[in-house]
Amino acid sequence: MTAPSLTKEGHASVEAPAAPGAGTDSALQTPNGPAAGLSPVRRGVLNTGRVLWRAGAILLFLLLWELGPLYLAPASTRVFLPPLHDVLGALGTLITKGQLQDHLAASLSRSASGFGIAVVSAVVLGLLVAWYGALDRFLNPLLEVFRNTAALALLPVFTLLLGIGETSKISIVAYAAFFPVLLNTIAGVRTVDPLLIRAARSLGLSNFTLFQKVILPSAVPTIFTGIRMAGTASILVLIAAEMVGAKAGLGYLIVNSQSSFLIPDMYAGILTVSLLGLLVNYLLVGVERHFSRWRTAVGSGNG
């Protein structure tokens, strides 16, 4: 039995004994999850296991890439599919000589320029088309025609009209990245809860304030879905454009290595493109989370 204790008012109070196992249950049900009550060693083992499981498919693919050409494929195939350590060696050589940095900088500058132009113009036009029905009816047939025309199909047209310089490559990237952002912006605005819009109008908000305070925050997740799609498209289309006519860039590195029979260098360029696309995707996800923090705050406040 627990001894009585005095409160601030001088009255005696008796604390009820804790139920058996209550301390353990509360430790396991902390906001940090069930692993919060475990020892640091066990938590580290669990976290390491989760990381390895998430990266398991990639690790198996890399292992197959290393062992497959050496032990599963004939020697003649090994010339066209070198093991992973040969590709990594070629990648290190390109980095040491500074060639990879030059090609990467050229591709990034073109891709970022076209991507930035596409995002700004597509978001602005998408907001206008979604808000004004007359403009939507006027532009929709033309937009449908162009969005169903593959960007690479228009690559010869861009090259003939704008030449083989930087302008044509930036333009084809902007064209490829424009429509994913445009369509998702229109969809994001049209899926805003009408009750929010009516409530904002009843408070006397102007159209600009309505866009700023209600429509844009609600449409941000859908818009960023289009931006992430556009980020991937801008890299892929640029690589194809650089293969046709360029003197620098990752696409030029890949096709030039293939024509020069530098197969490990070719795979090093392809691996760089994959890592670049993955990095861009994670960067855009981080930006999306930054602009969507208010949704997380609202959701946590309701819990």
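Just so we're clear, the structure is a prediction, and the values are computed from it rather than from any experiment. (Residues numbered from 1 in each chain as written. Predicted model: local features only at pLDDT ≥ 70, side-chain atom pairs only at ≥ 80, totals over all residues. Heavy atoms only, no water.)

## Comments concerning unusual backbone geometry
The bulk of non-glycine residues show a negative phi, and the bulk of peptide bonds are trans.
Part 1: One non-glycine residue, Phe261, lies in positive phi territory at about 60°.
Part 2: Looking at where Phe261 falls in the secondary structure, it is placed in the loop between α12 (250–259) and α13 (263–291).
Part 3: For Phe261, a relative accessible area of 49% gives the class partly exposed. (Helix = DSSP H or I, 4+ residues; strand = E, 2+ residues; numbered from the N terminus. Buried < 20%, exposed > 50% of the residue type's maximum accessible area, 1.4 Å probe, protein only.)

## Quick notes on the packing of helix α6 (residues 99–131) against α12
Part 1: Contact geometry of α6 with α12 gives a least axis separation of 7 Å together with a crossing angle of 130°. In terms of axis orientation, α6 runs oblique to α12. Across the interface between the two elements, Leu100, His103, Leu104 and Ser107 from α6 touch Leu250, Tyr252 and Leu253 from α12.
Part 2: The class makeup of the residues in the contact of α6 with α12 is five nonpolar, two polar and no charged. (Axes fitted to C-alpha atoms, helices over the stretch in contact; angles between N-to-C directions. Parallel < 35°, antiparallel > 145°, perpendicular 65-115°, else oblique. Contact = heavy atoms within 4.5 Å. Nonpolar A, V, L, I, M, F, W, Y, C, P; charged D, E, K, R; others polar.)

## A few points about the side chain of Thr185
Part 1: Here Thr185 is to be found in helix α9 (residues 166–190).
Part 2: For Thr185, the side chain forms a polar contact with the main-chain oxygen of Val181, separated by 2.6 Å.
Part 3: Residues in contact with Thr185, not counting those within four places in the same chain, are Ala122, Val123, Gly126, Leu127 and Ile223. (Polar contact = N/O pair within 3.5 Å; in protein donor to acceptor, adjacent residues only side chain to side chain.)

## Considering the packing of aromatic side chains
Part 1: Evaluated as defined, the whole model comprises six aromatic pairs.
Part 2: For the ring pair Phe178 and Phe179, a centre distance of 5.1 Å and an interplane angle of 90° mean the geometry is edge-to-face.
Part 3: Of the residues examined, Phe179 reaches a relative accessible area of 11% and is grouped as buried.
Part 4: Taken together, the ring pairs in this structure connect Phe158, Tyr175, Phe178 and Phe179 into an aromatic cluster. (Phe/Tyr/Trp six-rings, centres within 6.5 Å; stacked < 30°, edge-to-face > 60°.)

## Remarks on the side chain of Asn184
Part 1: With respect to the helices and strands, Asn184 occurs in helix α9.
Part 2: The buried category is assigned to Asn184, whose relative accessible area is 14%.
Part 3: At 2.7 Å, the side chain of Asn184 forms a polar contact with the backbone oxygen of Pro180.
Part 4: Contacts of Asn184, omitting those with residues within four sequence positions, involve Thr222, Ile223, Thr225, Gly226 and Met229.

## Quick look at the packing of helix α7 (residues 133–147) against α9
Part 1: Contact geometry of α7 with α9 gives a least axis separation of 11 Å together with a crossing angle of 140°. Here α7 is positioned oblique relative to α9, judged by the angle of their axes. Crossing hand, α7 versus α9: left-handed. Between α7 and α9, the residues in contact are Asp136, Leu143, Phe146 and Arg147 and Tyr175, Phe179, Leu182, Leu183 and Arg190, respectively.
Part 2: A class-by-class count of the residues in the contact of α7 with α9 yields six nonpolar, no polar and three charged. (Left-handed = near helix turned anticlockwise from the far one by under 90°.)

## Details of the environment of Asp102
Part 1: Along the chain, Asp102 turns up in helix α6.
Part 2: On the basis of relative accessible area, Asp102 is assigned to the exposed category, the value being 54%.
Part 3: Distance in space between the C-alpha atoms of Asp102 and Gly249 is 7.4 Å, their sequence separation being 147 residues.

## Quick notes on a nonpolar patch on the surface
Part 1: A cluster of nonpolar side chains, namely Leu60, Leu63, Leu64, Leu67, Tyr71 and Leu72, defines an oily patch on the protein surface of about 690 Å² accessible area.
Part 2: Tracing the backbone through its elements, the reader meets Leu60 in helix α3 (residues 56–72). (Patch = residues over 30% accessible without salt bridge, like charges linked within 9 Å, V, L, I, M, F, W, Y side chains within 5 Å. Areas by Shrake-Rupley, 256 points an atom, 1.4 Å probe, with all protein chains shown as cover. Salt bridge = Lys/Arg side-chain N within 4 Å of Asp/Glu carboxyl O.)

## Remarks on the environment of Leu91
Part 1: Among the secondary structure elements, Leu91 is positioned in helix α5 (residues 84–97).
Part 2: Judged by relative accessible area, Leu91 falls into the buried class, the value being 14%.
Part 3: Along the backbone, Leu91 and Thr272 are 181 residues apart, and their C-alpha atoms lie at a distance of 8.6 Å.
Part 4: Among all residues touching Leu91, those that are not within four sequence positions of it are Leu100, Ala268, Leu271 and Thr272.

## Looking at the confidence of the model for the chain
Part 1: Mean pLDDT for the chain: 80, with 83% of residues reaching 70 or above.
Part 2: When the criterion is pLDDT under 50, residues 1–31 qualifies, and its contacts beyond four places in sequence or with other chains add up to 19 contacts. (pLDDT = per-residue confidence, 0-100.)

## Focus on α12
Part 1: Looking at α12, one finds that the buried residues are Leu250, Gly251, Leu253, Ile254 and Ser257. Projected down its long axis, α12 shows its buried positions confined to an angular sector of 165°, all on one face.
Part 2: In the stretch just after α12, Phe261 is the one whose phi turns positive, near 60°. (Arc of directions from axis to C-beta.)

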